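Analysis of the macromolecular model
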Amino acid sequence: MHEDWEPVEKLLKQPVGQEKIALIEKMREDLPVEYDLMEANQAMYRILHTYDLEPKDVSAGLIDGVQYRGKMSASDCFTMGTFSFKAGSYQLASKWLSVAKDLLVDQPRKYHEVMGVTKADVTLLLARSLIASGNVSNATDILMRDSMFGEAGSALTLHFLRNTPKPSINLESWESDESFNQLCRSSSKRQMGESKPSRLHCRYNTTTTPFLRLAPFRMEELSLDPYVVFYHNVLSDPEIEKLKPMSKPFLERAKVFRVEKGSDEIAPSRSADGAWLPHQDTDPSDLEVLNRIGRRIEDLTGLNTRSGSQMQFLKYGFGGHFVPHYDYFNSKTSYLERVGDRIATVLFYLNNVDHGGATAFPKLNLVVPTQKGSALFWHNLDRKSYDYDTRTFHGACPLISGTKLVMTRWIYELDQMFLIPAVLPPRRRNFSKSLLNPF
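Please read all numbers here as calculations on a predicted model, not as lab measurements.

About the cut-offs
Residues numbered from 1 in each chain as written. Predicted model: local features only at pLDDT ≥ 70, side-chain atom pairs only at ≥ 80, totals over all residues. Heavy atoms only, no water. Helix = DSSP H or I, 4+ residues; strand = E, 2+ residues; numbered from the N terminus. Pairing = 2+ DSSP bridges. Disulfide = S-S within 2.5 Å. Buried < 20%, exposed > 50% of the residue type's maximum accessible area, 1.4 Å probe, protein only. Domains from an automatic or database assignment. Contact = heavy atoms within 4.5 Å. Buried area = accessible area lost by both parts, 1.4 Å probe. Salt bridge = Lys/Arg side-chain N within 4 Å of Asp/Glu carboxyl O. Axes fitted to C-alpha atoms, helices over the stretch in contact; angles between N-to-C directions. Parallel < 35°, antiparallel > 145°, perpendicular 65-115°, else oblique. Left-handed = near helix turned anticlockwise from the far one by under 90°. Nonpolar A, V, L, I, M, F, W, Y, C, P; charged D, E, K, R; others polar.

Cis rather than trans, the peptide bond between Asp-225 and Pro-226 has omega equal to 0°. Topologically, Pro-226 is positioned in the loop between β4 (217–224) and β5 (227–231). Look at the link from Leu-277 to Pro-278: it is a cis peptide, with omega at -5°. We note that Tyr-386 has phi near 65°; this positive angle belongs to a residue other than glycine.

A few words now on the sheet that holds strand β18 (residues 394–396). If you walk across this open sheet you meet the five strands as β9-β12-β18-β15-β16, and the pairing is antiparallel. The open sheet has two edge strands, β9 (270–271) and β16 (366–368), and neither has a second partner. By the bridge criterion, two bridges tie strand β12 (residues 321–325) to β18 in an arrangement that is antiparallel. Its bridge partner lying in β18, His-325 is registered against His-394.

This part takes up the state of the cysteines. Scanning the entire structure with this criterion turns up one disulfide. The partner cysteine of Cys-184 in its disulfide is Cys-397, sulfur to sulfur 2.0 Å. Judged by the torsion about the S-S bond (-90°), the Cys-184/Cys-397 disulfide is left-handed. Placement of the pair is Cys-184 in helix α11 (residues 178–191) and Cys-397 in the loop between β18 and β19 (399–401), with a sequence separation of 213 residues. The two residues Cys-184 and Cys-397 agree in class, both being buried.

Among the five residues of β5, four are classified as buried, and the element is accordingly described as predominantly covered. Inspection of the sheet shows β4 paired to β5 by five bridges, in the antiparallel sense. Bridge pairing in β5 places Ser-223 opposite Val-228. Connecting β4 to the antiparallel partner β5 that follows it, the hairpin turn spans two residues.

Quick look at the domain arrangement of the protein now. Each assigned domain of the protein is listed here: domain 1 (18–162) and domain 2 (180–416). Contact with domain 1, which involves 15 residues of that partner, is made by 21 residues of domain 2. Between domain 1 and domain 2 the total buried area reaches about 1,400 Å² when both faces are included, carbon and sulfur atoms providing 58% of it. Among the residues of domain 1 in contact with domain 2, Arg-46, Thr-50 and Tyr-51 are the three that bury the most area, contributing 41% of the side total. Put simply, domain 1 and domain 2 have one salt bridge between them.

Here strand β11 (residues 311–316) lies mainly inside the structure; five of its six residues are buried. Relative to β11, strand β10 (residues 273–277) runs antiparallel, the two being bridged by five bridges. Pairing of Asp-273 across the sheet is with Lys-315, part of β11. Bridging between β11 and strand β20 (residues 404–412) involves five bridges; their strand directions are antiparallel. Among the inter-strand pairings, Tyr-316 is bridged to a residue of β20, identified as Lys-404.

Running from amino to carboxyl end, helix α12 (residues 237–247) crosses helix α13 (residues 284–301) at an angle of 125°, the nearest separation of the two axes being 10 Å. The angle between α12 and α13 places the two elements in the oblique class. Helix-helix and strand crossings are classified by hand; for α12 and α13 the assignment is left-handed. Judged by residue contacts, Glu-239, Lys-242, Leu-243 and Met-246 of α12 engage Ser-285, Asp-286, Val-289, Leu-290, Arg-292, Ile-293 and Arg-296 from α13. Partitioning the contact of α12 with α13 into residue classes produces five nonpolar, one polar and five charged.

Here Ala-93 lies in helix α6 (residues 90–105). The exposure class of Ala-93 is buried, given its relative accessible area of 0%. For the pair formed by Ala-93 and Ile-47, sequence separation is 46 residues and the distance between their alpha carbons is 15 Å. Setting aside chain neighbours within four positions, we find Ala-93 in contact with Gly-81, Ser-84, Phe-85 and Ser-129.

Have a look at this one:
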């Protein structure tokens, strides 16, 4: 919509379209802006990179083995080619632009004029991408075979060689390593029914708290060291339906904590909308639901949850992701001085996701697909020494289809002081830096 607006507006400005354009102008505030276009480009790029997809397949609606109804136009492919070019991914840009060029052949000339994407535009950028990726002869051939450039193709090739492009979009902050991508791909295949996940052990938990003797939870131990457990049927459908409306009015772009700055900020490494529950306007009946879930967290984990009583509700859309990260901070803020670092995490899955969106732990070679009503629980710190456990490095795989809803509750270490006392000295933590200098 952002790319197409100008040519559509130009077309509608003809006398026959004056009434229509007056109505559409009222919708202007709700139309996507350039920032939204950039987000969509990033989401598409991220999905291709993570799931190792080909632009030709994606443009035809074939994504990771699933055929969707939607297809991409020549203009869409040109936009993705331009984005990839600016990001310095010249081989990928060449593929997108080749698809755009093929799609333009099937379109009438009037289409080019109206949509503002001409064959010359595509050919020039395709040639630049090929030259930047080292395929000079192919670029020259494409230029010289184009009736618009002909013999000038050699001169254009020389010009492009002398003026090498410089990337203007930085992708390093949200690109993931190959081990994470491989796990995301394997989870996607499981969703398509190609294979089944292996589990370490499955049983009913009746021992964490006395209450579980009456109402045990079905659990799957995915890892014993570090401890990672998957609980089934933790939240009921009515509870989940209560969570959605109480968070919806407060959803805003989720932020990432920057240790070096000591503050939260919006970053491309995380694309989701979030809301903190409870908030100051939470209804008493909603608060009762949240308190009940809070008590259930203590039953599941056997840990104290006095500090940090808020939970974060998150909504992921198309391409929504969170690059691999640690849940502990390894930093000092006034709040962490009072409660300590995050010893454990409980992640609730609030809906089923058809395609993408799994939680992956690259250092454990572990991937967990979403399952409505379930909860994933793991320790971020070593239970014996309270050392940071770097093996809990994890991330959210990009979402391909639909919406993903989750809710996270972090548990803090100082609440466990008398429940789980340290029996070994920490090796990777320096507590002295948090003490006041007595001199």
